[in-house]
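So you can see what is in the structure, the chains are spelled out below.
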Amino acid sequence: MNITMVGAGAVGVYFGGRLLENGCNVTFLVREHRKALIEKEGLVIYSDAGQYTLKEYQVATTSQEISDCDLVIVAVKGYHLQQLMPVLQEFAQRGVKILPLLNGMEHIYGLKENCGEEAVLGGVAYIIATLDEKGHVHHSGSQHSLVVGPLHPSQQQLCQQLAKATEGSKFIFKYSEAIEQALWHKYIFITAFSSITTACDAPIGVLRHNEATASLISNVLLEMKQLALALHAPIDDDIVEKTLKTIEALHDEATSSMHQDRRKGLPLEVDHLQGGALRLAKSCNLPLPHLATLYAVLSMIAVVK
Ligand SMILES: NC(=O)C1=CN([C@@H]2O[C@H](COP(=O)(O)OP(=O)(O)OC[C@H]3O[C@@H](n4cnc5c(N)ncnc54)[C@H](OP(=O)(O)O)[C@@H]3O)[C@@H](O)[C@H]2O)C=CC1
Ligand SMILES: CC(C)(CO)C(=O)C(=O)O
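Residues numbered from 1 in each chain as written. Chains lettered and ligands numbered in written order. Predicted model: local features only at pLDDT ≥ 70, side-chain atom pairs only at ≥ 80, totals over all residues. Heavy atoms only, no water.

- Per an unreviewed UniProt entry, the protein chain carries the name 2-dehydropantoate 2-reductase and comes from Fictibacillus macauensis ZFHKF-1.
- In UniProt, the protein chain has this text filed under Sequence similarities (unreviewed entry): "Belongs to the ketopantoate reductase family."
- In its Function (unreviewed entry) section, the UniProt entry covering the protein chain states "Catalyzes the NADPH-dependent reduction of ketopantoate into pantoic acid." (UniProt positions renumbered as here; feature names shortened; annotations may be inferred.)

Next comes the structure, spelled out in structure tokens:
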């Protein structure tokens, strides 16, 4: 299978690397400075699931360099997606389907609007990974799965082709007929988890044991559930309770990648995740007061360094 991975960051190199290791042809579509670093340092995955030095991959800086492509996987941060829209539209016009692995939901509607209803598949990445200064990926913990499924009936065959191409791979691939639900469930979790850890600059342990912050987590989860219901998303009735159990099971020092980005002084996906939820809520006249307050704090953290 010929796969174009847009973005050679933590998620892109990890899953692109594992697909390559399993026999797929992978082309990384990157910007010039990333191409230069790849040429200097190569691409390596450090992981308890197996270290791997990527071999025989292609690197492109324009879509015109890529002729054979069965699937485009998008692994950039939310704040970089808009500038990639013309490139993704061009792939979609060639009949290539797009699989975004970004956290969030608003971009799914945006991609469908720009690339076509039939062009956009659903995918959720469950992993904790980060890049080092050489552009090599470090995978922490044991979780490394990708759940993919059709958001339109015409995509079933391609999803099954991808499932076949991942058979025997080191990471866990799951084909899901309920991918919209998986996307929403992750979005509900990540919005609450990233908001509270980043705004308070604290890992989850202290936050869930403090009455005020624990109540804030529950309130954001409840608001995200209301948003999903207002948009007729197919979520579980007990999603808030289930997500609280997930949060309860995390170790005390666990934190979100947004909080890690705050600690490193990197840009934050606040407008994409929290801002996206508030815009979707506005479109259905739904107030989300706890999330709106956290968004105000986070958007200041994102700009005041
Ligand atoms: N890391 C994780 O553990 C997880 C992340 N996610 C989600 O996955 C998404 C990606 O995250 P992550 O991999 O961590 O992010 P990274 O910042 O590690 O990687 C994003 C990459 O996108 C590249 N990029 C940006 N713009 C372009 C462009 N125009 N063309 C080509 N490449 C581009 C950047 O390259 P450069 O700026 O160098 O050009 C960067 O290497 C996010 O939405 C995140 O929330 C989901 C689950 C877990
Ligand atoms: C919680 C985690 C690492 C789960 O995959 C995540 O997606 C994030 O923090 O952005």
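Still more ground to cover, so stick around.
### Things to note about the UniProt feature "domain: Ketopantoate reductase N-terminal" (unreviewed entry) in the protein chain
No. 1: The UniProt record marks residues 3–151 with the feature "domain: Ketopantoate reductase N-terminal" (unreviewed entry), using the residue numbering of this structure.
No. 2: Summarising residues 3–151: 30% helix, 32% strand, and an end-to-end C-alpha distance of 19 Å. (Helix = DSSP H or I, 4+ residues; strand = E, 2+ residues; numbered from the N terminus.)

### Things to note about the domain arrangement of the protein chain
No. 1: Taken as a whole, the protein chain is organised into domain 1 (2–177) and domain 2 (181–303).
No. 2: Averaged C-alpha coordinates put domain 1 and domain 2 at centres separated by 25 Å.
No. 3: Every contact between the two is made by 18 residues of domain 1 and, on the other side, 17 residues of domain 2.
No. 4: Area buried by domain 1 at its contact with domain 2 is led by Asn103, Met105 and Glu106, which between them contribute 38% of it.
No. 5: If you look at where domain 1 meets domain 2, you find two salt bridges.
No. 6: Its salt-bridge partner being Glu106, residue Arg279 comes within 2.7 Å of it at the nearest N-O pair.
No. 7: On the surface where domain 1 and domain 2 come into contact, there are seven residue pairs in polar contact (both at pLDDT 80 or more). (Domains from an automatic or database assignment. Contact = heavy atoms within 4.5 Å. Buried area = accessible area lost by both parts, 1.4 Å probe. Salt bridge = Lys/Arg side-chain N within 4 Å of Asp/Glu carboxyl O. Polar contact = N/O pair within 3.5 Å; in protein donor to acceptor, adjacent residues only side chain to side chain.)

### What to know about the layout of surface pockets
No. 1: One number sums up the size of the second largest pocket: a volume of about 260 Å³.
No. 2: Residue lining of the second largest pocket: 14 residues in total, with Gly78, Glu106, Asp271, His272 and Arg279 positioned closest to the centre.
No. 3: Going through the elements one at a time, α3 (81–93), α4 (106–115) and α11 (270–283) are the ones with two or more residues in the lining of the second largest pocket.
No. 4: No other element matches α11, which puts four residues into the lining of the second largest pocket.
No. 5: Each residue belonging to the lining of the second largest pocket can be placed in one class, and the counts come to five nonpolar, five polar and four charged.
No. 6: Inspection of the lining of the second largest pocket shows a minimum of three residues originating in each of domain 1 (2–177) and domain 2 (181–303). (1 Å grid on protein atoms, 1.4 Å probe; cavity = no way out; pocket = protein on both sides within 12 Å on 5 of 7 lines; lining within 4 Å. Points joined across faces, edges and corners; volume = space filled by probe spheres on them. Nonpolar A, V, L, I, M, F, W, Y, C, P; charged D, E, K, R; others polar.)

### Describing the site of ligand 1
No. 1: The immediate surroundings of ligand 1 are formed by 24 residues, with Val11, Arg31, His33, Ala129 and Glu269 found nearest.
No. 2: A total of 890 Å² of accessible area belongs to ligand 1 in isolation, and the protein chains cover 87% of it.
No. 3: Contributions of two or more residues to the shell around ligand 1 are made by α1 (10–21), α3 and β8 (122–131).
No. 4: In terms of residue count, the dominant contributor to the shell around ligand 1 is β8 (four residues).
No. 5: Looking at the shell around ligand 1 residue by residue, the class counts come to 14 nonpolar, six polar and four charged. (Near = heavy atom within 4 Å. Areas by Shrake-Rupley, 256 points an atom, 1.4 Å probe, with all protein chains shown as cover.)

### What about the packing of aromatic side chains?
No. 1: By the definition in use, this model includes five aromatic pairs.
No. 2: Judged by centre distance (5.7 Å) and plane angle (55°), the ring pair of Trp184 and Tyr187 falls under tilted. In this pair, Trp184 and Tyr187 are both assigned in helix α6 (residues 179–200), three residues apart and thus about one turn of the helix distant. Comparing Trp184 with Tyr187 shows no difference in burial state: the two are buried.
No. 3: Aromatic side chains Phe189 and Phe193 sit 5.1 Å apart centroid to centroid with 20° between the ring planes, which places their arrangement in the stacked category. With a gap of four residues between them, Phe189 and Phe193 both fall in helix α6, about one helical turn apart.
No. 4: Accessibility expressed as a relative area gives 6% for Phe193, which makes it buried.
No. 5: Here a set of aromatic residues connected by ring pairs shows up, and it is made of Tyr14, Phe15 and Phe171.
No. 6: The cationic tip of Lys186 hangs over the ring face of Tyr126; the distance from NZ or CZ to the ring centre is 5.4 Å. (Phe/Tyr/Trp six-rings, centres within 6.5 Å; stacked < 30°, edge-to-face > 60°. Buried < 20%, exposed > 50% of the residue type's maximum accessible area, 1.4 Å probe, protein only. Lys NZ or Arg CZ within 6 Å of the ring centre and 35° of its normal.)

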